[in-house]
Amino acid sequence: MKIHHLTVEEALKSLHTTARGLASGEAARRLAEFGPNRVERVRGERRIARFLKGFTHFLALILWIAAALAFFAEFQDPGHGMAILGVAILGVILINGLFSFWQEHRAEQALEALTRLLPHQVKVMRGGSLATLPAVELVPGDIVLLEGGDDVPADCRVIEAYAVRVNNATITGESVPLPRDALPSETEDILHSRNILLAGTSLVSGEAKVAVFATGMRTEFGKIAHLTQTAGVSLSPLQQEIIRLSRVIAAIAAALGVLFYFIGYSLGLSFWASLIFAIGIIVANVPEGLLPTVTLALAMASQRMARRNVLIRHLPSVETLGCTTVICTDKTGTLTQNRMEVKRIFLGNEFHDPGDSTSLATTHSRFFEAALHCHNLNTGPGGTEVLLGDPMEVALVRLARNALPGAAVFPRTDEIPFDSERRRLSTRHRSPAGDVFYTKGALESVLPLCDRAQLGAEVEPLQPETARIFQSAQETMAEQGLRVLALAYRSLPPDVSQEHLEEQLILVGLVGFRDPPRPEVPVAIRQCHEAGIKVIMVTGDHPQTAVAIAREIGLVLASHAAVITGEQLRRLSEAELQLALDAPEIIFARVGADQKLRIVRALKQKGETVAATGDGVNDAPALKHADIGIAMGVSGTDVARESAHMVLMDDNFASIVAAIEEGRAVYDNMRKFLTYILTHNVAELVPYLAFALFRIPLPLTVIQILAVDLGTDVLPALALGAELPEPEVMQRPPRSPKERLLSWPLLARAYLWLGLLEAAAAMAAFFFVLRAAGWNYGETLADNNPVYLQATTACLSAIIVMQVVNIFLCRSERSSTFTRGLFLNRMILLGIAVEIALILLIDYTPWGNRLFGTAPIALDVWLYVVPFAFAMLLFEELRKTLVRRL
């Protein structure tokens, strides 16, 4: 039999211990056998391996190859700036590798957070004497003393209890403190057993003597820790797209390099000359600035989210938010406020709002007196007005204080404590008029003790019809998801005996409690629905409570939503669970941590992009396994925060909607700066094609390509990454996983439209300078010839001018350039200013001329390029107009 099924004597015997505790020698022996009471570290990937990962992913490998080719080309044919290109590419690899490594501490931090959550010192019986020991030294069989406010250090079997209530929210997700006693339990699930205290939970009130039966990783807490540490880290959609993008770019670059090697060789170039030419083609088609641009764009997006109270812990998660299709959200503390409030009062045969308490106090003063006196709350340090204890009792006392301001509190002289069998609490008080006895508890527990009731202003005998009125009211409130308590009292005669206290009570009313939803949640839920995002409640709370909250916040609109309990979930096969998840509205209630993880896995198997929210230890494994885990920053545990990809700093579910909007904007912005970057790739490639096919001087050198890729275009590309979300971004469904970042329409627009227009302008500027200097077709020019230097400078400068216009064209694929406010994104203006400043430095300063192989060009060259820029703007506006009309 399991330990919670045993009696106290049988439980102690099974642990080979007694109520006096273990002898010191036996405790030391068990410590050596079972190990310390702490969360052990699961050996993960070595730090050096994590470090090297940042330098060996696919895009990094492409850059390594590009750098190696650049150095090889420099070795074979020095003086063309290939060594500078190689060094620059190595710098890109180094910066991104170090940045990736900096992100790799989440697992270790989660482990430290788990350790901090457990108490450090506990009171233990050893050999019949009370000792204070470090919690890490606890062993199975130890007898521990706990009181209200203590954290539970290990999984324990209660052997003595006095008015014990435990907060299990961090493990099971239940929002209401639960009673615990020493009686055997018939419940199969140990998490909900009446005589078990779980490591990581805390006592709200009462005193208990408990026997430790599981420590360290053998506790339920430890099992959750193990799930958290071992949950695999999957690639985000963005990372998968970057890998695919890298492969496509690598294939294109390699294919073009091989093609033009043979073209060059067939045209009579030597083997080495053809190889150097092919290397130039490959390097020209590898966007060296893509990786830092993506990384910095994500970092900027995370900063914008931080201003909206969303902390991003893992940069690719920024974009993952944008393609989220399902949010699995906890109820307690996430959709609700994690506190209890009085929602309804049943007095005088009518339901009342708690706001009416002042007007009701005259007729129903006894109800509010019972609420004021019948509790086990404590005040804060130094006797402050802060109430500590059961949240329902706190809500009741506040209600009574509001109804009876300044009312005297009668001293307590006796108490019959609450336990799970009695399901009620009774207290005796000395008033000026004599002793008064108050009782509160479940109606089915209090009603049999009453012989009278107050329905109106007068007290009348409790008839069966009257009892049915109260029972009907209780059922009505329960259907609304409220937790219902009955309140009763009696004036005690002087000679009443202890065993007859709970008799002849007067039933005065019912009160219904709820954990209220956050006020901003209904709007956030509606916005999720409008954005095509399915929201699923996954909670450890009662199904009736979960459904009531779901209806209140608009999560459930149908009359019969699918509700699956933890027990039902255990009986479902993987296929059955996936089919159940097809329901348009579904709620999971009474589920454990492993089951939340199972739900997330099932959704991912269905091809969903899953975001999971939560704040407790019980949420950590699911948070880590989800495509994006979202933890609460204020009410959340350290474990949840460190296991999540992002943290809501204000615990506001509505912040998720803002974050999703930003995530969708990030994806759109990546497409914008990809179009911007790939456009100039064509303008860089066409000069090489012309050089090979038409035997003209090379219009653009490799070092000048580097000036564009890692110089002038970096800040404007980043500015596109900082674009604000477009107005309709949250009115469309999440993007399909099959939708590619680098799509054929994007490639066509960049390579076959904008890129060709830009290349035409660049080649035209190159020939404009050559023709003005009297060059004729077929003439060769030395690399240091001033005319040739001016011509390549004109080609480079034309690309920059066209890119200045292109940045405005890339702000939207469909909308007119003139519909996006010029000053909405001031970073674009800054990027253009820097871009112009850099090209002027490259063209007109001695060090710029020396480093990039340029020479000053005349004003008429710039004027010659301007009409091409206006033509590019006109043609793209015509294309957008046609697209909008189709």
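Residues numbered from 1 in each chain as written. Predicted model: local features only at pLDDT ≥ 70, side-chain atom pairs only at ≥ 80, totals over all residues. Heavy atoms only, no water.

**Re unusual backbone geometry**
Okay, step 1: You will see that His16, though not glycine, has its phi angle at about 55 degrees, which is positive.
Okay, step 2: Considering the arrangement of structural elements, one finds His16 in the loop between helix 1 (8-14) and helix 2 (24-34).
Okay, step 3: Non-glycine residue Arg590 carries a positive phi angle of around 55 degrees.
Okay, step 4: For Arg590, the location among the structural elements is in the loop between strand 23 (586-589) and helix 22 (593-605).
Okay, step 5: By relative accessible area, Arg590 is classed as partly exposed at 28%. (Helix = DSSP H or I, 4+ residues; strand = E, 2+ residues; numbered from the N terminus. Buried < 20%, exposed > 50% of the residue type's maximum accessible area, 1.4 Å probe, protein only.)

**Overview of the environment of Asn849**
Okay, step 1: Topologically, Asn849 is positioned in helix 31 (residues 846-852).
Okay, step 2: The spacing of Asn849 and Leu789 is 60 residues in sequence and 8.8 Å in space, taken between C-alpha atoms.
Okay, step 3: Setting aside residues up to four positions removed in sequence, Asn849 forms contacts with Ile842, Asp843, Tyr844, Thr854, Ala855 and Pro856. (Contact = heavy atoms within 4.5 Å.)

**Digging into a nonpolar patch on the surface**
Okay, step 1: Nonpolar side chains collect at one region of the surface, where Phe72, Tyr265, Phe271 and Trp272 lie side by side and expose about 410 Å² of accessible area between them.
Okay, step 2: Of note, Phe72 is situated in helix 4 (residues 58-76). (Patch = residues over 30% accessible without salt bridge, like charges linked within 9 Å, V, L, I, M, F, W, Y side chains within 5 Å. Areas by Shrake-Rupley, 256 points an atom, 1.4 Å probe, with all protein chains shown as cover. Salt bridge = Lys/Arg side-chain N within 4 Å of Asp/Glu carboxyl O.)

**Concerning the packing of helix 14 (residues 365-373) against helix 15 (residues 391-403)**
Okay, step 1: Viewed as axis vectors pointing N to C, helix 14 and helix 15 meet at an angle of 135 degrees, and their least axial separation amounts to 8 Å. By the angle between their directions, the pair helix 14 and helix 15 is classed as oblique. You can see that helix 14 and helix 15 cross each other, and the crossing is left-handed. Residues Phe367, Phe368, Ala371 and Leu372 of helix 14 touch helix 15, and the partners they reach there are Leu396, Val397, Leu399, Ala400, Arg401 and Ala403.
Okay, step 2: Its residues placed into classes, the contact of helix 14 with helix 15 shows nine nonpolar, no polar and one charged. (Axes fitted to C-alpha atoms, helices over the stretch in contact; angles between N-to-C directions. Parallel < 35°, antiparallel > 145°, perpendicular 65-115°, else oblique. Left-handed = near helix turned anticlockwise from the far one by under 90°. Nonpolar A, V, L, I, M, F, W, Y, C, P; charged D, E, K, R; others polar.)

**Digging into the pairing of strand 19 (residues 483-491)**
Okay, step 1: Counted residue by residue, strand 19 has seven buried out of nine residues, so it is predominantly covered.
Okay, step 2: Bridge count between strand 16 (residues 434-441) and strand 19: six bridges; the pairing is antiparallel. Residue pairing in the sheet places Thr439 in a bridge with Ala488 of strand 19. (Pairing = 2+ DSSP bridges.)

**Considerations on the confidence of the model for the protein**
Okay, step 1: Looking at the protein as a whole, its pLDDT mean stands at 84, while 89% of the residues score no less than 70.
Okay, step 2: Averaged pLDDT values over the elements of the protein bottom out at 45 in helix 6 (residues 106-117) and peak at 96 in helix 29 (residues 786-809). (pLDDT = per-residue confidence, 0-100.)

**Regarding the nonpolar core**
Okay, step 1: Ranked by internal contacts, the top residues of the largest apolar core, which has 123 residues, are Met537, Met646 and Phe653.
Okay, step 2: No other element matches the 18 residues that helix 25 (residues 654-694) contributes to this core.
Okay, step 3: Once you skip the residues sitting within four places of it in the chain, Met537 turns out to touch Thr329, Lys331, Leu335, Ala546, Ile549, Ala550, Leu555, Ile586, Ile587 and Phe588.
Okay, step 4: Grouped together as the second largest cluster of nonpolar side chains are 40 residues, Ile190, Ala211, Phe221 and Ile224 included. (Core = buried A, V, L, I, M, F, W, Y, C linked by side-chain atoms within 4.5 Å.)

**Some words on the pairing of strand 23**
Looking along a regular strand, one sees the side chains alternate between the two faces of the sheet.
Okay, step 1: Alternating residues of strand 23 divide into Ile586 and Phe588 and Ile587 and Ala589, and every residue in both groups is buried.
Okay, step 2: Direction of pairing for strand 21 (residues 534-538) relative to strand 23: parallel, over a ladder of two bridges. Counted as the bridge partner of Met537 is Ile587 from strand 23.
Okay, step 3: In terms of strand pairing, strand 22 (residues 562-565) meets strand 23 through four bridges, oriented parallel. Within strand 23, the position partnered with Val563 by the bridge is Ile587.

**With respect to the sheet that holds strand 26 (residues 646-648)**
Okay, step 1: Taken in spatial order, the eight strands of this open sheet run 8-26-25-24-9-21-23-22, and their pairing is mixed. The outermost strands of the open sheet, each flanked by one partner alone, are strand 8 (310-312) and strand 22. Ignoring which end each strand starts from, the neighbouring axes of this sheet average 20 degrees apart.
Okay, step 2: Bridge analysis of strand 24 (residues 610-614) against strand 25 (residues 628-632) gives four bridges, and the strand direction is parallel. Across the sheet, Ala611 pairs through a bridge with Ile628, a residue of strand 25.
Okay, step 3: Most of the contacts of helix 25 go to strand 26, to which it runs at about 135 degrees, and overall it touches strand 8, strand 9 (326-329), strand 24, strand 25 and strand 26.

**Details of the packing of helix 26 (residues 702-712) against helix 30 (residues 826-844)**
Okay, step 1: Between helix 26 and helix 30, the shortest axis-to-axis distance is 11 Å and the interhelical angle comes to 145 degrees. The two elements helix 26 and helix 30 cross, and the hand of that crossing is right-handed. Here helix 26 contributes Ala707, Gly711 and Thr712 to the contact with helix 30, which in turn contributes Glu835, Leu838, Ile839 and Ile842.
Okay, step 2: Of the residues belonging to the contact of helix 26 with helix 30, the class tally is four nonpolar, two polar and one charged.

**Examining the pattern of salt bridges**
Okay, step 1: According to the stated counting rule, one finds 36 salt bridges in the structure shown.
Okay, step 2: In this structure, Glu813 and Arg671 form a salt bridge, with 3.0 Å as the shortest nitrogen-oxygen distance. Of this pair, Glu813 sits in the loop between helix 29 and helix 30 while Arg671 is found in helix 25, placing the two residues 142 residues apart along the sequence.
Okay, step 3: By relative accessible area, which is 36% here, Glu813 ends up partly exposed.
Okay, step 4: Each member of the salt-bridge network shares a partner with another, and the members are Glu26, Arg29, Arg30 and Glu33.

**Here's the deal with the packing of aromatic side chains**
Okay, step 1: Applying the stated criterion to the full structure yields 11 aromatic pairs.
Okay, step 2: Ring geometry for Tyr261 against Tyr265: centres 6.0 Å apart, planes inclined by 15 degrees, an arrangement best described as stacked. With Tyr261 and Tyr265 both in helix 9 (residues 237-266) and four residues apart, the pair spans about one turn of that helix.
Okay, step 3: You can call Tyr261 buried: its relative accessible area is 16%. (Phe/Tyr/Trp six-rings, centres within 6.5 Å; stacked < 30°, edge-to-face > 60°.)

**Comments concerning the side chain of Asp142**
Okay, step 1: Take Asp142: it is sitting in the loop between strand 2 (129-134) and strand 3 (143-147).
Okay, step 2: Among the polar contacts made by the side chain of Asp142, one reaches the side chain of Arg126 at a distance of 2.8 Å.
Okay, step 3: Of note is the side chain of Asp142, whose polar atom sits 3.0 Å from the backbone nitrogen of Val139.
Okay, step 4: Setting aside residues up to four positions removed in sequence, Asp142 forms contacts with Leu22, Val124, Met125, Arg126, Glu137, Val210, Ala211 and Val212. (Polar contact = N/O pair within 3.5 Å; in protein donor to acceptor, adjacent residues only side chain to side chain.)

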